[in-house]
Amino acid sequence: RPPPLDAVLFDVDGTLVDSIGAYRIAAARAAAPHGLAVDAAMVRAALNDDVPFWPLVLAGRPAEPALVAALADATRRHWPDVLAEHVRCFGGLADTLAALAARGLRLGICTASRGESFR
């Protein structure tokens with residue numbers, strides 16, 4: 001029998017909100033002017049296998065720091081529009097959180113996302 005809980009912590013991306021596909025879209029928009037493509041397998045590898053993302057996208061091209069920084073900056077610039085267009089909470093989330101709170105559990109979120117992405 002598990003011990004009683006006082007709190008529940010949730011990750012954000014892929015847990016509370018369906019944002020993984022949106023990240024691919026924002027990164028693809030940033031990469032396209034450089035003739036680069038971004039696919040879902042790259043995003044999954046970076047998230048699940050802790051592999052640096054932009055070297056995957058560059059696929060053999062040198063991961064020059066200035067280029068990687070430009071791609072990351074462009075992705076962050078695209079993020080607000082992509083967020084509004086594509087990111088949604090998973091169905092049933094509000095009911096789940098309300099039910100947990102009604103049981104007296106404290107709720108929290110944690111993320112490895114940077115502040116500008118998380119907001």
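Structural data are supplied above this passage.
A. Structural view of the overall build of the chain. Check the secondary structure of the chain and you find six helices and four strands. Its helices and strands taken in sequence order, the chain reads β-β-α-α-α-α-β-α-β-α from the N to the C terminus. A compact globule built from 119 residues would reach a C-alpha radius of gyration of about 14 Å, whereas the chain, at 17 Å, exceeds it by more than 25%. Dimensions of the chain, computed from the C-alpha atoms along their principal axes, are close to 50 × 30 × 20 Å. Counting every position in the chain, which comprises 119 residues, the buried fraction comes to 29%. A fraction of 66% describes how many contacts in the chain between residues 6 or more apart in sequence connect residues 24 or more apart. In the structure as shown, the chain presents an accessible area of about 7,800 Å², 57% of it carried by carbon and sulfur atoms. Between the mean site of the 12 positive side-chain charges and the mean site of the 13 negative ones, the chain shows a separation of 3 Å.

B. View of helix H4 (residues 65-86). Here H4 is 22 residues long and its end C-alpha atoms lie 29 Å apart, about the 32 Å a rise of 1.5 Å per residue gives. Its axis deflected by about 40° at tryptophan 79, H4 carries its strongest bend there, up to four residues before the proline proline 80. Among all positions in H4, only Leu67, Leu71, Ala72, Ala74, Thr75, Trp79 and Val82 are buried.

C. Region of interest: the nonpolar core. Counting residues in each nonpolar core, the largest one holds 15 residues, and the members touching the most others are Ala31, Leu36, Val38, Phe53, Trp54, Val57 and Leu71. Where this core is concerned, the elements lending two or more residues are helix H1 (20-31), helix H2 (40-48), helix H3 (53-58) and H4. Counting residues per element, this core draws most heavily on H3, at four residues. Leave out the neighbours within four places in its chain, and leucine 71 touches Ala30, Ala31, His34, Leu36, Trp54 and Leu58.

D. Highlighting the pairing of strand E1 (residues 7-11). Taking every second residue as pointing to the same face, the buried face of E1 carries Val8 and Phe10, while none of Ala7, Leu9 and Asp11 on the other face is buried. In the sheet, E1 pairs with strand E4 (residues 106-110) via five bridges, with the strands oriented parallel. Each bridged residue has a counterpart across the sheet, and for alanine 7 the counterpart in E4 is arginine 106.

E. Local environment of the side chain of serine 19. Note on placement: serine 19 falls in the loop between strand E2 (17-18) and H1. Among the residues examined, serine 19 registers a relative accessible area of 3% and is labelled buried. Apart from the residues within four sequence positions on either side, serine 19 is in contact with Asp13, Gly14, Trp79 and Val87.

Cut-offs applied
- Throughout this description, residue numbers start from 1 for each chain and increase along the sequence as written.
- Local features in this predicted model are restricted to residues of pLDDT 70 or higher, and side-chain atom pairs are both shown and tallied only at a pLDDT of 80 or more, whereas totals for entire chains, interfaces and linings draw on every residue.
- Each side-chain value is derived from all of the structure's non-hydrogen atoms; neither hydrogens nor water enter the calculation.
- Only DSSP runs of H or I with at least four residues qualify as helices, and only runs of E with at least two residues qualify as strands; both kinds are numbered from the N terminus onward.
- Only C-alpha atoms enter the radius of gyration; for comparison, a globular chain is expected to reach 2.2 Å times N to the power 0.38, where N is the number of residues.
- Only protein chains enter the area calculation, which uses a 1.4 Å probe; residues under 20% of their type maximum are buried, those over 50% are exposed, and those in between are partly exposed.
- Only heavy atoms matter for contacts: two residues are in contact if any of them lie within 4.5 Å across the pair.
- Only the protein chains shown count as cover for residues, and the accessible areas themselves come from Shrake-Rupley with a 1.4 Å probe.
- Here the positive residues are Lys and Arg and the negative ones are Asp and Glu; neither His nor the chain ends is included.
- Lys charges are placed at NZ, Arg charges at CZ, Asp charges at CG and Glu charges at CD.
- A helix is expected to reach a length of 1.5 Å times the quantity of its residues less one.
- The bend at a residue is defined as the angle formed between two axes, one fitted to the seven residues ending at that residue and one fitted to the seven starting there.
- Note on terminology: a nonpolar core comprises buried Ala, Val, Leu, Ile, Met, Phe, Trp, Tyr and Cys residues joined through side-chain atoms within 4.5 Å.
- Only strands that DSSP links by at least two bridges are regarded as paired with each other.

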